[in-house]
Amino acid sequence: MASSLPPAIARLIKPNPLAQNHSRSLYETLSRMPKDGVGARVTQPRWAAKGIPNCYWEITKVRIKDEGRHGKAWGRLFWKGQEVKTVRGRGSAGERRIPGGLKYGWKHVLLDEFEASQTVSST
């Protein structure tokens, strides 16, 4: 869309941050969502690149700092479509802090994308 506009106008238009394909930190990704991403599903694109399907975090609690550049996030991990219940002998985990929020790229997983990947992997 922006490429068909004159360059002066194209520079003024801000792209939709949820529609961008490049990875951001977890906190940048969540801060651009309604309710700071609570209830959303996020994933690391490197998991899909390694051929690991249906892996994501479901966000349950967020504390954003410094205009989305830092923060803390908690959620439930789903690995290959199944919720991970235990972490290194800690017993029932349920909601836990999400590690690597600044280290890796993160992206929002739309429900349609997740359902499509599930049907592809089950066939």
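Structure: see above.
Predicted, not measured: the structure shown is a model, and the values here were computed from it.

A. Looking closely at the overall build of the protein chain. Counting its regular elements, the protein chain contains 4 helices and 6 strands. Moving toward the C terminus, one meets the helices and strands of the protein chain in the order α-α-β-α-β-β-β-β-β-α. If you take every contact in the protein chain between residues at least 6 apart in sequence, the share linking residues at least 24 apart comes to 50%. Looking at the protein chain as shown, the accessible area adds up to about 8,200 Å², and 53% of this sits on carbon and sulfur atoms.

B. Seen up close, the pattern of salt bridges. Applying the stated criterion to the full structure yields 4 salt bridges. A salt bridge links Glu58 to Arg76, with the shortest nitrogen-to-oxygen separation between them at 3.4 Å. Taken together, the positions of Glu58 in strand E2 (residues 56-65) and Arg76 in strand E3 (residues 70-79) put the pair 18 residues apart, joining distant regions of the chain. Among the salt bridges present, the one from Asp66 reaches Arg69, with a minimum N-O distance of 3.2 Å. We classify Asp66 as partly exposed; its relative accessible area is 43%. Under the relative-accessibility criterion, Arg69 is labelled partly exposed at 42%. One continuous salt-bridge network, built from bridges that share partners, spans Arg41, Glu58, Arg76 and Glu83.

C. Local environment of the nonpolar core. Residues Leu26, Leu30, Val42, Trp57 and Ile98 are the most contacted members of the largest nonpolar core, which totals 15 residues. Discounting chain neighbours no more than four positions away, the residues touching Leu30 are Asp36, Gly37, Val42, Ile59, Val62, Ile64 and Ala73.

D. Here's a closer look at the pairing of E2. Bridge analysis of strand E1 (residues 41-43) against E2 gives 2 bridges, and the strand direction is antiparallel. Its bridge partner being in E2, Val42 is matched across the sheet by Trp57. The pairing of E2 with E3 spans 9 bridges and is classified as antiparallel. Counterpart to Ile64 in the pairing with E3 is Gly71.

E. Region of the structure containing a positive patch on the surface. A cluster of like positive charges, contributed by Lys61, Arg63, Lys65 and Arg97, occupies part of the molecular surface. At 3 residues, E2 tops the list of elements feeding residues into the positive patch.

Calculation criteria
Residues numbered from 1 in each chain as written. Predicted model: local features only at pLDDT ≥ 70, side-chain atom pairs only at ≥ 80, totals over all residues. Heavy atoms only, no water. Helix = DSSP H or I, 4+ residues; strand = E, 2+ residues; numbered from the N terminus. Contact = heavy atoms within 4.5 Å. Areas by Shrake-Rupley, 256 points an atom, 1.4 Å probe, with all protein chains shown as cover. Salt bridge = Lys/Arg side-chain N within 4 Å of Asp/Glu carboxyl O. Buried < 20%, exposed > 50% of the residue type's maximum accessible area, 1.4 Å probe, protein only. Core = buried A, V, L, I, M, F, W, Y, C linked by side-chain atoms within 4.5 Å. Pairing = 2+ DSSP bridges. Patch = residues over 30% accessible without salt bridge, like charges linked within 9 Å, V, L, I, M, F, W, Y side chains within 5 Å. Lys, Arg positive; Asp, Glu negative; His and termini not counted. Charge placed at Lys NZ, Arg CZ, Asp CG, Glu CD.

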